[in-house]
2 protein chains.
Amino acid sequence: MVNYKAELNAIFMALGHPARRAMLARLGKGEATVSDLAQPLDMSLPAVTKHLKVLERAKLISRSKNAQWRPCQLQEAPLNLASDWIEDQRKVWESRLDRLDNYLHTLHANSKKGAKK
Amino acid sequence: MVNYKAELNAIFMALGHPARRAMLARLGKGEATVSDLAQPLDMSLPAVTKHLKVLERAKLISRSKNAQWRPCQLQEAPLNLASDWIEDQRKVWESRLDRLDNYLHTLHANSKKGAKK
DNA sequence: TTTGTAATTAACCATATGGTTAAATTAAAC
DNA sequence: GTTTAATTTAACCATATGGTTAATTACAAA
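Remember, predicted model here, so these are calculated numbers, not experimental data.

The next point concerns the nonpolar core. Core analysis: the biggest nonpolar cluster contains 63 residues, and Leu52(A), Trp85(A), Leu52(B) and Leu60(B) have the highest contact counts within it. The dominant element in this core, judged by the number of residues it contributes, is helix H5 (residues 76–116) of chain A, at 7 residues. Leave out the neighbours within four places in its chain, and Leu52(A) touches Met23(A), Val34(A), Leu37(A), Ile61(A), Arg63(A) and Cys72(A).

Written as structure tokens, this is what we have:
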């Protein structure tokens, strides 16, 4: 039921840094160059390059070539894997809560039967 | 529109390790002790204690006391924060795709008008 | 072919992660 | 009060992260 895919390690880890989430948020609005992505971030370009490698490793972005620019594109699939894992997780605890709810109702019903005796 | 909450750093980072995801999956089925959680994992108890601290820091679990046991409980809220971030993200790129779709339809309509001239 | 711009690589550094074993703590049970 | 079980802390180690500056590469434009 629950997803143990190894890709999730790289995906969740990549999402764990605010600069990388900011980059993904920017890329959600469309392709962007390295400098575009760096502009709102308070760090050097080499630092940005490193973050991009982390995002690439997780396949959260892909890259292309256009003259001296290396534009980045968002890839949705890994984000789907991540939210699927959370959804599977939610199903597990929701079914547990349902069983608990059921059990409490049974208890309540039995206590009323007991009172009538 | 997009969520920049600092808690997300700790949450996503915590989800980035398979042992921690396994622990959360186990806790989805109900409270468990440290040894319960350690049992299927190929690592020492101190290592498990450390992973539990990471999960606690992210508020993904809470803990209680029962004699010499320290049972752990899943906390759903942080998982909701995480999936909300992904959902917000999805909204951003879906609206972009909608605009692109719209644009392509307009282009197509205009090309037909052009052909008629 | 020189110059300018975009981006990456190299080298370095500090701190965090993820693991270990051995010792200490906590609390029940004998 | 001694023993036993569950868990944590301490000390240590290797590797990964996240940043820097300086040098290098890639490419267009003059």
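That was the structure; now back to the text.
We now examine the protein's contact with DNA strand C. Taken together, 26 residues sit near DNA strand C, with Ser35(A), Lys53(A), Ser44(B), Lys50(B) and His51(B) positioned nearest. Backbone atoms, meaning sugar plus phosphate, form 73% of the atoms of DNA strand C positioned within 4 Å of the protein. At a separation of 2.7 Å, a phosphate oxygen of DNA strand C approaches a polar side-chain atom of Arg20(B). His51(B) is positioned with one of its side-chain polar atoms (N or O) 2.3 Å from a phosphate oxygen of DNA strand C. Class assignment of the residues belonging to the surface near DNA strand C gives a composition of 9 nonpolar, 8 polar and 9 charged.

What follows is about the side chain of Gln73(B). All names here are of chain B. Topologically, Gln73 is positioned in strand E2 (residues 72–74). Side-chain polar atoms of Gln73 contact the backbone oxygen of Pro71, separated by 3.5 Å. Beyond its immediate stretch of four places on either side in the chain, Gln73 contacts Glu31, Leu60, Ile61, Ser62, Arg63 and Ser64.

It is worth spelling out the interface of chain A and chain B at this point. The interface of chain A with chain B comprises 32 residues on the first partner and 32 residues on the second. Approximately 2800 Å² of surface area, both sides summed, lies buried where chain A meets chain B, with 63% of it carried by carbon and sulfur atoms. When residues of the side of chain A that touches chain B are traced back to their parent elements, those giving at least two are helix H1 (7–15), helix H2 (18–28) and H5 of chain A. For the side of chain A that touches chain B, the leading source of residues is H5(A), giving 12 residues.

Attention now goes to the protein's contact with DNA strand D. Taken together, 26 residues lie near DNA strand D, and Ser44(A), Lys50(A), His51(A), Ser35(B) and Lys53(B) sit nearest. Restricting the count to atoms of DNA strand D within 4 Å of the protein gives a sugar and phosphate share of 73%. In the environment of DNA strand D, a phosphate oxygen lies 3.0 Å from a nitrogen or oxygen atom belonging to the side chain of Arg63(B). Arg70(B) is positioned such that a nitrogen or oxygen atom in its backbone is 3.5 Å from a phosphate oxygen of DNA strand D. Elements represented by at least two residues in the surface near DNA strand D include exactly helix H4 (45–57) of chain A together with helix H3 (34–38) and helix H4 (45–57) of chain B.

In this section: the environment of Leu45(B). Residues and elements named next belong to chain B. For Leu45, the position within the fold is in helix H4. Assessed through its relative accessible area of 45%, Leu45 is described here as partly exposed. Taking C-alpha positions, Leu45 is 7.5 Å from Ser35, a pair spaced 10 residues apart along the chain. In contact with Leu45, not counting residues within four places along its chain, are Val34 and Ala38.

As a further point, take unusual backbone geometry. Its identity is not glycine, yet Lys59(A) carries a phi of approximately 60°, on the positive side. Mapped onto the fold, Lys59(A) is located in the loop between H4 and strand E1 (61–63). Taking the relative accessible area as the measure of exposure, Lys59(A) reaches 60% and is therefore exposed. The phi dihedral of Ala67(B) is positive, around 55°, even though this residue is not glycine. With respect to the helices and strands, the residue Ala67(B) is situated in the loop between strand E1 (61–63) and E2.

Below, the discussion takes up the side chain of Gln89(B). Note that Gln89(B) resides in helix H5 (residues 77–116). Judged by relative accessible area, which is 0%, Gln89(B) ranks as buried. Excluding its chain neighbours within four sequence positions, the residues that come into contact with Gln89(B) are Leu24(A), Ala25(A), Gly28(A), Leu74(A), Leu79(A) and Val2(B).

Two chain copies, one operation linking them: a rotation about an axis together with a shift along it. Mapping chain A onto chain B calls for a rotation angle of 180° and an axial translation of 0.0 Å; the resulting RMSD is 0.0 Å. The transformation relating the two chain copies, once decomposed into turn and shift, fits a two-fold axis. Counting the interface residues of chain A, we find that 100% of their copies in chain B are interface residues as well, pointing to one common contact surface.

Definitions and limits used
Residues numbered from 1 in each chain as written. Chains lettered and ligands numbered in written order. Predicted model: local features only at pLDDT ≥ 70, side-chain atom pairs only at ≥ 80, totals over all residues. Heavy atoms only, no water. Core = buried A, V, L, I, M, F, W, Y, C linked by side-chain atoms within 4.5 Å. Buried < 20%, exposed > 50% of the residue type's maximum accessible area, 1.4 Å probe, protein only. Helix = DSSP H or I, 4+ residues; strand = E, 2+ residues; numbered from the N terminus. Contact = heavy atoms within 4.5 Å. Near = heavy atom within 4 Å. Polar contact = N/O pair within 3.5 Å; in protein donor to acceptor, adjacent residues only side chain to side chain. Nonpolar A, V, L, I, M, F, W, Y, C, P; charged D, E, K, R; others polar. Buried area = accessible area lost by both parts, 1.4 Å probe. Least-squares fit on C-alpha atoms with pLDDT ≥ 70 in both.

Shape descriptors only; they carry no functional weight alone.
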